[in-house]
Structures are given as structure tokens and as C-alpha cells.
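Here are the chains, one letter per residue:
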Amino acid sequence: MLSLCMILISHFYLLANARVYNHHTLVGEDGDLITNVCRGAGDFKANCSIILREDPKVVNANNYFDISKAILELAIRKTSAARNFMKELTKNNDSPAITACIADYEFAIDFFNHSLDELKESPATAVYDAKIVINNPYFCSVQLENAHIVNPSIDALNYQTSLLSVCASQAISYTIPPPRHP
Ligand SMILES: *[C@@H]1O[C@H](CO)[C@@H](O)[C@H](O)[C@H]1NC(C)=O
Ligand SMILES: *[C@@H]1O[C@H](CO)[C@@H](O)[C@H](O)[C@H]1NC(C)=O
């Protein structure tokens with residue numbers, strides 16, 4: 001009897017939370033998803049909005065799960081293109097620093113990809129994976145600086161990768177239901 005009571009109580013809390021969660025989702029849908037996603041992006045706020053509005057799949061998403069998925073796909077595409085650009089640079093001109101950047105970008109692509117894999121089952125892990133990507137362009141910039149390489153194209157790619165890390169983790173954080181009370 002007691003355990004039945006517990007089950008009923010926990011269901012009550014689940015339902016109560018489900019309502020709050022849906023309300024939270026509805027509030028988001030009433031506004032503009034991209035505006036909400038970029039709101040918490042700090043210094044990246046303005047460019048978050050610009051880069052996301054350039055992608056039709058991101059623009060057309062109508063819930064936080066779909067927009068998170070679209071942003072991660074955009075991030076994987078852009079980070080892969082950045083890696084390919086740096087591979088081209090090293091083709092005829094061996095540079096240990098740029099080679100290190102390529103390795104950093106492989107990690108970044110893997111983390112975005114892993115985040116996409118976790119999005120449904122473990123959104124907290126997905127947030128973490130998307131968030132820590134920001135380390136990789138930073139490591140790349142340090143490598144370049146130590147090797148005294150000045151390359152504005154790579155600087156721009158490092159900025160873009162950091163930006164996508166912030167946009168993706170902000171979006172995914174909206175898919176996490178609020179904590180349940182025991
Ligand atoms: C936004 O991105 C552009 C390059 O695309 C950069 O020049 C500018 O400084 C960025 N804005 C902020 C606030 O960082
Ligand atoms: C992402 O991971 C999947 C396996 O989960 C793999 O098949 C795919 O090639 C990966 N994509 C990229 C861009 O690394």
C-alpha cells in the first residue's frame with residue numbers, strides 16, 4: 001500500500017513537471033526559437049543569431065529538439081569543411097602547428113557528432129559534448145601563436161567553431177526537462 005502510494009506520488013510529480021516543461025516549451029515556441037537559443041550566448045549572441053539564420057533547416061525547426069539537431073548538423077558540416085581547408089594548406093607546405101589544428105578539429109567533429117548521438121537519450125551529455133568543443137579551436141589558436149603563424153582564415157574558423165559550440169550547447173540545454181523532485 002505504501003509503495004502504491006509512492007508510485008502515485010511520483011506520478012503526480014512527473015505530471016506536474018510535465019506540465020511545467022510543456023509550458024516552458026510553449027513559451028519558447030511563442031517566441032522565436034533562434035532568439036531564445038542565442039539569448040544566453042553572451043558575447044556570441046549577435047553572431048549566433050546571424051550564423052543560425054543562414055541555415056534553412058535551423059530556421060524552419062519548430063521545437064528545441066529539431067533546432068538542436070539542425071545546429072549540430074550545421075556544426076559538423078562547417079567544422080568538417082574547416083578541417084578540409086586546413087588539410088589543403090598542409091598539402092604542399094608541412095606545418096606542425098596546422099597539423100595539430102587538424103587533429104583538434106577531428107576531435108571537435110567527433111564531439112559534435114557524439115553530441116548528436118546523445119541528443120535524444122542523454123541531453124545533459126549532449127550539452128557537455130557540444131560545450132567542450134570550444135577547447136579545440138582554442139588549442140589550435142595557441143599552437144599557431146607558439147609557432148608565430150598568422151593566418152586570419154584559420155582565426156575566423158576558430159571563431160566560427162567556438163560560436164557553433166556555444167549555439168549548440170545553448171539550444172540543447174532547452175531540451176533538458178527541469179529536475180524532478182524525489
Ligand atoms: C562577429 O563575427 C564577425 C566576423 O564574422 C567579427 O568580425 C565580429 O567581431 C564578431 N562579433 C563579436 C561581437 O564578436
Ligand atoms: C558520426 O558518427 C557515426 C557513428 O555514430 C559515424 O558513422 C559517422 O561517420 C560520424 N560522422 C562524422 C562526420 O564523423
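Residues numbered from 1 in each chain as written. Chains lettered and ligands numbered in written order. Predicted model: local features only at pLDDT ≥ 70, side-chain atom pairs only at ≥ 80, totals over all residues. Heavy atoms only, no water.

As recorded in an unreviewed UniProt entry, the protein goes by Pectinesterase inhibitor domain-containing protein and comes from Flemingia macrophylla.

> Talk me through the pattern of salt bridges; I want residue IDs and the actual numbers.
Pairing between side chains of opposite charge can happen when the charged atoms of each approach one another. Under the criterion given, the structure shown has six salt bridges. For E88, the salt bridge goes to K91, with nearest N and O atoms at 3.0 Å. Remark: K91 and E88 occur in helix α5 (residues 64–91); sequence separation between them is three residues, near one turn of the helix. Accessibility expressed as a relative area gives 59% for K91, which makes it exposed. (Salt bridge = Lys/Arg side-chain N within 4 Å of Asp/Glu carboxyl O. Helix = DSSP H or I, 4+ residues; strand = E, 2+ residues; numbered from the N terminus. Buried < 20%, exposed > 50% of the residue type's maximum accessible area, 1.4 Å probe, protein only.)

> Explain the packing of helix α3 (residues 45–53) against helix α9 (residues 152–173) to me, and be specific about the residues and the numbers.
For the pair α3 and α9, interaxial distance at closest approach is 10 Å and the crossing angle is 90°. Considering the angle they form, α3 stands roughly perpendicular to α9. Along the contact surface, α3 presents N47, C48, I51 and L52, while α9 presents Y159, Q160, L163, L164 and C167. Across the contact of α3 with α9, the residue classes break down as seven nonpolar, two polar and no charged. (Axes fitted to C-alpha atoms, helices over the stretch in contact; angles between N-to-C directions. Parallel < 35°, antiparallel > 145°, perpendicular 65-115°, else oblique. Contact = heavy atoms within 4.5 Å. Nonpolar A, V, L, I, M, F, W, Y, C, P; charged D, E, K, R; others polar.)

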